[in-house]
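Results of the structural survey
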Amino acid sequence: MQSQSTPIDNGVNVEALLGARAALTEAPQAARFRWRATSRWMNGTHSRTTIDDFHGLGGEQKHRQAFAFDTDHPEIFASEDQGPTPVEMLLVGLAGCLSAGIAAVAQHRKIQLHAVAASVEADMDIQGILGIADDVRNGFGAVRVHFEVDADATADEIAALVAQSQKRSAVFDTLTNPTDVHVTVHKVAQ
Amino acid sequence: MNASRRANAVDVVIVGGGHCGLAMSRALSQRGIGHVVLERGEVANAWRTERWDSLRLLTPNWMTRLPGQAYDGADPDGYMTSAEVAGFLSRYAATAAAPLRTATTVLGARPTGDGWWVETTQGDWQCRALVVATGAAGRPVVPAAAADVPGEVAQFSALDYRRPAQLPDGGVLIVGASATGLQLAQEIQRSGRAVTLAVGEHVRMPRLYRGRDIQWWLLAAGVLDQRLADVDDVGRVRRLPSPQLVGTPERGTLDLNVLQRGGVRVAGRLAQVRDGRALFSGSLRNACALADLKMNRLLDTFDDWALGDGMRPDVDAVEPRPAPTRLPDTATTVLDLKRHFRSVIWATGMRPDHGWLDASLRDRAGTLRHEGGVADLPGLYVLGLPFLRRRKSSFIHGAGQDVDELVGHLTAHLNQSARARSAARGIARRRISPSAYAGLSRSWPQPD
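Residues numbered from 1 in each chain as written. Chains lettered and ligands numbered in written order. Predicted model: local features only at pLDDT ≥ 70, side-chain atom pairs only at ≥ 80, totals over all residues. Heavy atoms only, no water.

On to the overall build of chain B. A count of helical and extended segments in chain B gives 11 helices and 23 strands. Relative to the globule expectation of 22 Å for 448 residues, the C-alpha radius of gyration of chain B, 25 Å, shows essentially globular dimensions. Once the C-alpha set of chain B is aligned to its principal axes, its extents read approximately 85 × 60 × 40 Å. Split into buried and exposed, the 448 residues of chain B put 49% on the buried side. Long-range contacts, defined here as pairs at least 24 residues apart, represent 69% of the contacts in chain B between residues at least 6 apart. As displayed, chain B has an accessible area near 20,200 Å², and 50% of this comes from carbon and sulfur atoms. In chain B, 56 side chains carry a positive charge and 45 a negative one; their mean positions are 5 Å apart. (Helix = DSSP H or I, 4+ residues; strand = E, 2+ residues; numbered from the N terminus. Rg over C-alpha atoms; globule rule 2.2 N^0.38 Å. Buried < 20%, exposed > 50% of the residue type's maximum accessible area, 1.4 Å probe, protein only. Contact = heavy atoms within 4.5 Å. Areas by Shrake-Rupley, 256 points an atom, 1.4 Å probe, with all protein chains shown as cover. Lys, Arg positive; Asp, Glu negative; His and termini not counted. Charge placed at Lys NZ, Arg CZ, Asp CG, Glu CD.)

This is the structure:
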């Protein structure tokens, strides 16, 4: 950790996070969040998903603006490639979550970051989704994340940032542990 | 409980005849305070009846000491068996002439206004202070996934387990990577059964470092004396699993590398059992990375401490750190339980058994709520829980200081309640009208 007196600033308001932790310990119901996305099929394998509102801190919340994401498949799947494949969106979530965690933990531990770069790889055998082989799963066989971190800290301190970020990451947890997924459908009246 | 029943009266009732209860008994005797020690079996009951055969203490013999009695045998660096601990405590009880009531199970306790009513299988007791010293490991914590394990697979907790021969032949899934999980994995794998160990977050330590027992370092460097104010999250340190250690005559290290060399398969934390299949978390690498980093930080603090003392003659030169935890290239994430296992052992932690205390006194996990051993209601105390007052609180050698501090609090409480009683009697004799009580309230005892 750095010893000079310049204040550490990774752009994370740790006091606000710690305050929220204290407040939510007293009011656990306000800690129950619900994230939402709505999507519309466009054409072929192309869909557009919009993120706008969510529930948390005991009430309805809104992003500063709605965000829209196009997902599709690449041309080698005879698709139009209007956006990343949905599985690639999972990698976006994982990289974003772990990097945010590194920044927050570094701020809390008073470590100045200069650069954090992640490369994420996921292995997938598409015999699974194509139904060629029953013993091959549809999803990722393995995910690898590599971080290059420039920070005022020792190699072990940086390794500890990355480890603590995984320990507290929602996306890492969701990818590494089973999650109950409940899908329903309603036939729209003609 | 029936208030019209007759009860024996005594100033203090201690529940539990283990090391904490006996140390408190000795402290009360020295102060001339009347008390009894209620023990469901005989002294050191859990050490006699609730431990697996091969268990030894995780602390060396020289650390096994209580106020007035220390290990005086020929093997100070060895580790006591359960039977030796029971013998040590029996000797302690006899020397102190502890007022024991053995074969006496406490069924319940309730506040009576100026004290406690304690119901037991051998009659009731009325007391002014109650000390809960029933230990930290009264009941096993078993995750909800246990209910989804197929009926053909036998299940055991660490309290049920005694020896490998008790298990069916065939594969064994051990869930939990504390001292218990690792010790059981090693001896069961050696019995010829294929063991898979489910590993979540854990605490890794070498048995010896620079020629000294790791417990020597923890004590000498002041870690075991850390107090509540020295840690930023008391709840977290109280829930820490026991470090991966074993006490053997060889003083060897027991870690995941040792187990895997012996043939044990490691998998991630058991996340769920679904359709008869065990699903293990994909976070094993990070759990091991966290434990390796934390172990190295601990050894760094030891090195810093030893250097700070100059050239210490009592430790060897700095030695290479234990190798990082090695894991297979491909992680095990799914195993069909019936196909791979004949039994599952839940080494997923222990909690105190405070179920006999009123639910309003307990927290969400069922443990008596307390601040450093002092409960919410005056006159109620607890001993021997993890990090009760300091990191060594749950160790045998940690009881002395906790008892010393809490007996002071308890004595002050008895004096205060005695003053309150005589004041109340005086009021009654002088027939002061009830309205006059208000004016006396300043001298009335206030709850702590």
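Counting its secondary structure elements, chain A contains 4 helices and 6 strands. Along its sequence from the N terminus, chain A presents helices and strands in the succession α-β-β-β-β-α-β-β-α-α. Dimensions of chain A along its principal axes, counting C-alpha atoms only, are 65 × 40 × 30 Å. Burial analysis of chain A (190 residues in total) assigns 24% to the buried set.

Turning next to a negative patch on the surface. Residues and elements named next belong to chain A. On the surface, E75, E80, D81 and E88 cluster together into a negatively charged patch. By the element assignment, D81 lies in the loop between β4 (59-71) and α2 (86-108). Of the residues examined, D81 reaches a relative accessible area of 42% and is grouped as partly exposed. (Patch = residues over 30% accessible without salt bridge, like charges linked within 9 Å, V, L, I, M, F, W, Y side chains within 5 Å. Salt bridge = Lys/Arg side-chain N within 4 Å of Asp/Glu carboxyl O.)

Attention now goes to the environment of S39(A). Residue and element names in this part refer to chain A. Inspection of the secondary structure puts S39 in strand β2 (residues 38-43). Classification of S39 by relative accessible area gives exposed; the value is 56%. In sequence terms S39 and L17 are 22 residues apart; their C-alpha atoms lie 31 Å from each other. Among residues more than four places away in sequence, those in contact with S39 are R48 and T49.

With 15 residues of chain B in contact, the opposing surface of chain A contributes 13 residues. Interface area for chain B against chain A, summed over the two sides, is near 1,100 Å², with a carbon-plus-sulfur share of 52%. Three residues, N286(B), L290(B) and L293(B), lead the burial of chain B against chain A; their summed loss comes to 39% of the area buried on that side. Scanning the region where chain B abuts chain A turns up 2 salt bridges. In this structure, K167(A) and E201(B) form a salt bridge, with 3.0 Å as the shortest nitrogen-oxygen distance. Counting the contacts that link chain B with chain A gives 6 residue pairs in polar contact (both at pLDDT 80 or more). For the side of chain B that touches chain A, the secondary structure elements donating two or more residues are β16 (270-274), β17 (277-280) and α8 (284-308) of chain B. With 4 residues, the top contributor of residues to the side of chain B that touches chain A is α8(B). Taken together, the residues of the side of chain B that touches chain A sort by class into 5 nonpolar, 5 polar and 5 charged. (Buried area = accessible area lost by both parts, 1.4 Å probe. Polar contact = N/O pair within 3.5 Å; in protein donor to acceptor, adjacent residues only side chain to side chain. Nonpolar A, V, L, I, M, F, W, Y, C, P; charged D, E, K, R; others polar.)

A few words now on a positive patch on the surface. Side chains of R168(A), R236(B), R239(B), K294(B) and R297(B) sit close together on the surface and give a patch of like positive charge. Counting only elements with at least two residues in the positive patch, the list comes to α6 (234-239) and α8 of chain B.

Hydrogen bonds between backbone groups are what pair the strands of a sheet, and the pairing can be parallel or antiparallel. All names here are of chain B. If you walk across this open sheet you meet the 5 strands as β10-β19-β11-β12-β15, and the pairing is parallel. Lying at the two open borders of the sheet, with one neighbouring strand each, are β10 (154-157) and β15 (265-268). On average, adjacent strands in this sheet sit at an angle of 20° to one another, irrespective of strand direction. Inspection of the sheet shows strand β12 (residues 195-199) paired to β15 by 4 bridges, in the parallel sense. For L197, the partnering residue across the bridge sits in β15 and is V266. The strands that helix α4 (residues 179-190) touches are β11 (172-175), β12 and β19 (343-346); relative to β12, the one it contacts most, it runs at about 170°. (Pairing = 2+ DSSP bridges. Axes fitted to C-alpha atoms, helices over the stretch in contact; angles between N-to-C directions.)

All names here are of chain B. Overall, antiparallel pairing links the 3 strands, which are arranged β16-β17-β18 in an open sheet. Edge positions in the open sheet fall to β16 and β18 (334-336), since each of these has one partner strand only. Strand-to-strand, the axes of this sheet are offset by a mean angle of 20°, without reference to chain direction.

This part is about the packing of aromatic side chains. This model, assessed by the stated rule, comprises 8 aromatic pairs over all chains. Summarising the aromatic geometry, the rings of F33(A) and F54(A) are spaced 6.3 Å apart at their centres and angled 15° between planes, so their arrangement reads as stacked. Of the two residues, F33(A) is situated in the loop between α1 (14-26) and β1 (34-35) and F54(A) in strand β3 (residues 46-56); the sequence distance between them amounts to 21 residues. Given the relative accessible area of 12%, F54(A) is considered buried. Taking 6.0 Å as the distance between ring centres and 75° as the angle between the ring planes, the aromatic pair formed by W217(B) and W305(B) counts as edge-to-face. In this pair, W217(B) is assigned in helix α5 (residues 214-220) and W305(B) in helix α8, connecting sequence segments 88 residues apart. Overall, W217(B) belongs to the buried group, its relative accessible area being 0%. Looking at W305(B), the relative accessible area reads 21%, which means it is partly exposed. (Phe/Tyr/Trp six-rings, centres within 6.5 Å; stacked < 30°, edge-to-face > 60°.)

Residue and element names in this part refer to chain B. If you look at the biggest cluster of nonpolar residues, it comprises 84 residues, and the most contacted ones within it are V13 and I174. The contacts of I174, once residues within four sequence positions are left out, are G181, L184, A185, I188, V195, T196, L197, A198, I345 and A347. Counting residues in hydrophobic clusters, the runner-up holds 18 residues, among them Y209, I214, W216 and F302. (Core = buried A, V, L, I, M, F, W, Y, C linked by side-chain atoms within 4.5 Å.)

This part takes up the pattern of salt bridges. All names here are of chain B. For the structure shown, the criterion picks out 29 salt bridges over all chains. Salt-bridge contacts for R163 lead to D53; the nearest nitrogen and oxygen are separated by 2.5 Å. Linking R163 in the loop between β10 and β11 with D53 in the loop between α2 (45-49) and β3 (65-66), this pair joins segments that are 110 residues apart in sequence. Where D72 meets R91, a salt bridge forms, and the shortest distance between an N and an O atom there is 3.8 Å. Of this pair, D72 sits in the loop between β4 (69-70) and α3 (82-95) while R91 is found in helix α3, placing the two residues 19 residues apart along the sequence. Given the relative accessible area of 61%, D72 is considered exposed.

Of note in this structure, L57(A) is not a glycine but carries a positive phi near 55°. Mapped onto the secondary structure, L57(A) falls in the loop between β3 and β4.

This brings us to the side chain of Q69(B). Residues and elements named next belong to chain B. If you trace the backbone, Q69 turns up in strand β4. According to the relative accessible area criterion, Q69 is buried, its value standing at 8%. A distance of 3.4 Å separates the side chain of Q69 from the backbone nitrogen of Y92, its partner in a polar contact. Sequence-distant contacts of Q69, defined by excluding residues within four places in its chain, comprise F88, R91, Y92 and T95.

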